[in-house]
Amino acid sequence: MIEASCHCGAVRIEVPSAPEAVTSCNCSICRRTGALLAYYAPKDVRVIPQSGATDIYMWGDREIEFHRCKVCGNFTHWSPVDKSLDRMGVNARLMAPQVLAAARVRRFDGADTWTFIDA
Ligand SMILES: [Zn+2]
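These numbers were taken from a predicted model, which means no experiment stands behind them.

**Q** Tell me about unusual backbone geometry, and name the residues and values.
**A** Backbone geometry follows two general trends: most residues other than glycine have a negative phi, and most peptide bonds adopt the trans configuration. In the segment running from Ile48 into Pro49, the intervening peptide bond is cis, with an omega of -5°. The residue Pro49 is located in the loop between strand E5 (46-48) and strand E6 (54-57) in this model. Positive phi is not limited to glycine here, since Arg62 has a value of about 55°. Residue position: Arg62 is located in the loop between E6 and strand E7 (64-69). Relative accessible area serves as the criterion here: at 48%, Arg62 is assigned to the partly exposed category. Within the chain, Trp114 stands out as a residue other than glycine whose phi angle is a positive 55°. Relative to the helices and strands, Trp114 resides in the segment after strand E10 (104-108). What makes Trp114 exposed here is its relative accessible area of 61%.

**Q** Before we move on, could you go through the pattern of salt bridges and cite the residues and values that matter?
**A** Where side chains of opposite charge bring their charged atoms close, a pairing between them can arise. In total, this model carries five salt bridges according to the counting rule given. Across the pair Lys83 and Glu65 runs a salt bridge, and its minimum N-O distance is 3.5 Å. Placement of Lys83 in the loop between strand E8 (75-80) and strand E9 (88-91) and of Glu65 in strand E7 is noted, with a sequence separation of 18 residues between them. Accessibility expressed as a relative area gives 15% for Glu65, which makes it buried. Within the structure, one salt-bridge network assembled from shared partners comprises Glu3, Arg12, Glu14 and Arg46.

**Q** Mind laying out the packing of aromatic side chains, listing which residues take part and the relevant values?
**A** Under the criterion given, the structure shown has six aromatic pairs. A ring pair is formed by Tyr57 and Trp59, whose centres lie 5.6 Å apart and whose planes are at 15°; its orientation type is stacked. Here Phe66 and Phe75 contribute two aromatic rings whose centre-to-centre distance is 5.7 Å and whose plane-to-plane angle is 35°, an arrangement assigned as tilted. Of the two residues, Phe66 and Phe75, both sit in the buried class. Through a chain of ring-to-ring contacts, the aromatic side chains of Tyr57, Trp59, Phe66 and Phe75 assemble into a single cluster. For Arg87, the ring lying beneath its charged end belongs to Tyr39, and the centroid distance is 3.9 Å.

About the cut-offs
- Residues numbered from 1 in each chain as written.
- Predicted model: local features only at pLDDT ≥ 70, side-chain atom pairs only at ≥ 80, totals over all residues.
- Heavy atoms only, no water.
- Helix = DSSP H or I, 4+ residues; strand = E, 2+ residues; numbered from the N terminus.
- Buried < 20%, exposed > 50% of the residue type's maximum accessible area, 1.4 Å probe, protein only.
- Salt bridge = Lys/Arg side-chain N within 4 Å of Asp/Glu carboxyl O.
- Phe/Tyr/Trp six-rings, centres within 6.5 Å; stacked < 30°, edge-to-face > 60°.
- Lys NZ or Arg CZ within 6 Å of the ring centre and 35° of its normal.

Note that every value here comes from positions in space, so none of it alone points to a role or purpose.
The following block contains the structure:
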């Protein structure tokens, strides 16, 4: 089990394994947050507390919830509004530095082509 935590500790996230790769995305929000994303199936991710500790930001087609800690403002994770979808993103910047350092960084062109640039 790998744990991620926001700066103030109000939001903790448990995932089953360290990410082998994390994604650096250049879309309009990721390039601003500076997040490195690790993807998991929502059923494998425990957000603690489950609700109430984050504010949700959505825009455009409003298909994805971007969660940030209500106290320290760290971007913690995104999850699909459609809960039948099997993928969510955890901000691996909130994991221990050595966990993040062991992961390969993949660059994703979320701004334009929706493909990995260095896949
Ligand atoms: Zn916090």
